[in-house]
Each structure stands twice: as C-alpha cells, then as structure tokens.
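Tertiary structure, described
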Amino acid sequence: DVQTQIIPGAEGDFEYHMKKDDLFVQEAFGTLYSDHFRLRAGRHKFYTGTGYAYNPIDLFNVKDPLDPSYETNGIDALLLTVDLPRQTQLQGLVRYNDRFSTSDYLARLKTHISGWDTALQYTHYLKERIDWEALNTEEALVEMMQGSSINDFTRKFYWHLFAAEFSGEVVGFGVYGEGGYVFIDKPNEIGTLEDAPKDHERLLLGIDRTFEFQLYFLVEYLRIGQGKTDSGDITLNDRMAFFN
C-alpha cells in the first residue's frame, strides 16, 4: 500500500472527481451562413497543420499517436470564415479563457496555388506552467497551509506563433510540411522557470504514398527547438509538465 499525504486545504488542487451522471459534450455549435462568410459559435473542432502524427503549429490541440481513438476534442470558440476569390479563405478564431479572463486567438489565410494547398497563420496563445520546483519547498508548504493554492505557483507565458503550411504531390508521393517560429513573453515573476520562455522553431516535414498492392508508406520528421537533448538538463518542472 502506498499512502500520499496532501497539504491540508489543497485537496482540490490534486483531485478530480467525475460523477456517474456527468455529461461530456464533444461538439455543440451553431453556424450562421451567407454567400461569402460563415460564423460558427460554440464547442467545435478546429485544427491546423498538415502532419499526421503531430501538428507543431497547432497550439489549440495536442495529438497523442498512442491514443487508439486519435480524436481531438472540441474547443469553445468563435470562428469566422470569409471566402475570397481564387480559392482563398480568411479565418479568424477566438477562444475565451475564463480562468484568466483572457483570450487566445488565431488569424489564418489559406489558398490553393498550382496544385498545392498553402496557408499562413498567426496564433496568440496563453501557455500556463506550474512552478513545481518553487512549490516543492518548505516555504511553499507553509504558504499552502496558510491558504495559498496551486494557482499562486502558476506562471503565464504568452506565445506569438508565426507559421505556414503546405501539402501537395511530387512524382506520386504526397509531400507536406508545416513550421513556424514562436516568440514568448515571460511573466514578471518567473520563479524557477527561467528556461520556459525560450523563443524557438517548430517544424514538421513528411512524405506518404499508397502503393498499388495496398501498402501505405509514411515518414515524418519533427523538430521542436525548445526541446532538451541531455537528460541531465531535465528538471522537476519538465517532468511534471510532461505528466500533466
């Protein structure tokens, strides 16, 4: 038997209760149409990028290739799509974050050029990180027992992602890719998360093909410039962020 002691008054920060009569809604939205634009409001699926296993330019969804359902959940957002000439669309999406009374948003321009689907986009995104190393101290224990919560150790990093994507075909092979660069605004109080606001590149390139004898072939290369290659550089914050 393994027993875990939770700081008095902090049980709610480490527990999640699901009642048997809870209802989970994956999508529920309404759409207003006209000849040249569509306005969608509610919980709906919206994702960007051309990769199959991962989409490094999609900050609203996280894919897990080990998940057999391989589905993304709907997000509560407002989406406006405007149809422009020459197979071009302009999209704007806003998602309200009620926890911090702020909004994440995206602007996207996509078009079709000479057999290639392409898109440019900008994403403004609030990335929350818990300062676990600051939380794992005697001083933090005293603060928690005096009424502080895990929210007092949560830092807010604002991401600005400029990205592009493409997909097409070359000599029978599907060729696709997506990539961009993130500029990160760090909070005034950063704690022990000094390496979190690292500006970095995000890139994916891939090829695929289905042969006549029904063999499907796919190869992808992914690079996240914020990653770490030396296990000695991995901190408690990194490990806990991965578990979360």
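Calculation notes
- Residues numbered from 1 in each chain as written.
- Predicted model: local features only at pLDDT ≥ 70, side-chain atom pairs only at ≥ 80, totals over all residues.
- Heavy atoms only, no water.
- Core = buried A, V, L, I, M, F, W, Y, C linked by side-chain atoms within 4.5 Å.
- Buried < 20%, exposed > 50% of the residue type's maximum accessible area, 1.4 Å probe, protein only.
- Helix = DSSP H or I, 4+ residues; strand = E, 2+ residues; numbered from the N terminus.
- Contact = heavy atoms within 4.5 Å.
- Salt bridge = Lys/Arg side-chain N within 4 Å of Asp/Glu carboxyl O.
- Pairing = 2+ DSSP bridges.
- Polar contact = N/O pair within 3.5 Å; in protein donor to acceptor, adjacent residues only side chain to side chain.
- pLDDT = per-residue confidence, 0-100.

**Quick notes on the nonpolar core**
By size, the foremost hydrophobic cluster in this structure holds 12 residues: Ile57, Leu59, Tyr125, Phe157, Trp159, Leu161, Ala163, Val182, Ile184, Ile190, Leu193 and Ala196. Sorting the residues of this core by element identifies β7 (154-170) and β8 (173-185) as the ones contributing at least two each. With 4 residues, β7 is the largest single contributor of residues to this core. Ignoring anything within four residues of it in the chain, the contact list for tryptophan 159 reads Leu59, Thr123, His124, Tyr125, Lys127, Val182, Phe183, Ile184, His200, Arg202 and Gln226.

**Concerning the pattern of salt bridges**
Enumeration over the complete set of coordinates arrives at 9 salt bridges. Close ionic contact of arginine 108 with glutamate 165 constitutes a salt bridge, the shortest N to O distance being 3.2 Å. Linking arginine 108 in strand β5 (residues 102-113) with glutamate 165 in strand β7, this pair joins segments that are 57 residues apart in sequence. With respect to burial, arginine 108 and glutamate 165 carry one shared label: buried.

**Some points on the pairing of strand β9 (residues 200-210)**
Pairing of β8 with β9, which is carried by 9 bridges, proceeds in the antiparallel orientation. When the bridges of β9 are listed, glutamate 178 appears paired with leucine 204. Looking at chain direction, β9 and strand β10 (residues 216-224) are connected through 9 bridges and run antiparallel. Following the sheet pairing, arginine 202 is matched in β10 by isoleucine 224.

**Some points on the environment of asparagine 188**
Among the secondary structure elements, asparagine 188 is positioned in the loop between β8 and β9. For asparagine 188, a relative accessible area of 87% gives the class exposed.

**So, unusual backbone geometry**
Most peptide bonds are trans, and most residues other than glycine sit at a negative phi. With phi around 45°, valine 171 is a residue other than glycine that occupies positive phi space. With phi around 70°, glutamine 214 is a residue other than glycine that occupies positive phi space. Looking at the element boundaries, glutamine 214 is found in the loop between β9 and β10. A relative accessible area of 66% means that glutamine 214 is categorised as exposed.

**Regarding the pairing of strand β2 (residues 37-44)**
Bridging between strand β1 (residues 28-33) and β2 involves 6 bridges; their strand directions are antiparallel. Across the sheet, the residue bridging to leucine 32 is leucine 39, located in β2. Taking the residues that link successive antiparallel strands as the turn, the β1-β2 hairpin has 3 residues. Pairing between β2 and strand β3 (residues 75-84): 8 bridges, direction antiparallel. By the bridge assignment for β3, phenylalanine 37 is matched with valine 82.

**Considering the side chain of threonine 50**
Positionally, threonine 50 belongs in the loop between β2 and β3. Overall, the relative accessible area of 15% leaves threonine 50 in the buried class. Looking at threonine 50, its side chain comes within polar contact range of the main-chain oxygen of glycine 177, at 3.0 Å. Those residues in contact with threonine 50 that sit more than four places away from it in its chain are Asn55, Glu165, Phe166, Ser167, Tyr176, Gly177 and Glu178.

**Things to note about the confidence of the model for the protein**
Averaged over all residues, the pLDDT of the protein equals 88, while 91% of them reach at least 70. Across the protein, β8 holds the top mean pLDDT of 97, while helix α1 (residues 11-14) sits lowest at 60.

**Topic: the environment of aspartate 208**
Inspection of the secondary structure assignment puts aspartate 208 in strand β9. Among the residues examined, aspartate 208 registers a relative accessible area of 12% and is labelled buried. Look past the residues within four positions of aspartate 208 in its chain and what remains in contact with it is Tyr52, Phe173, Gly174, Tyr176, Tyr216, Phe217 and Leu218. Within the local environment of aspartate 208, its side chain forms a polar contact with the side chain of tyrosine 216, the two groups lying 3.0 Å apart.

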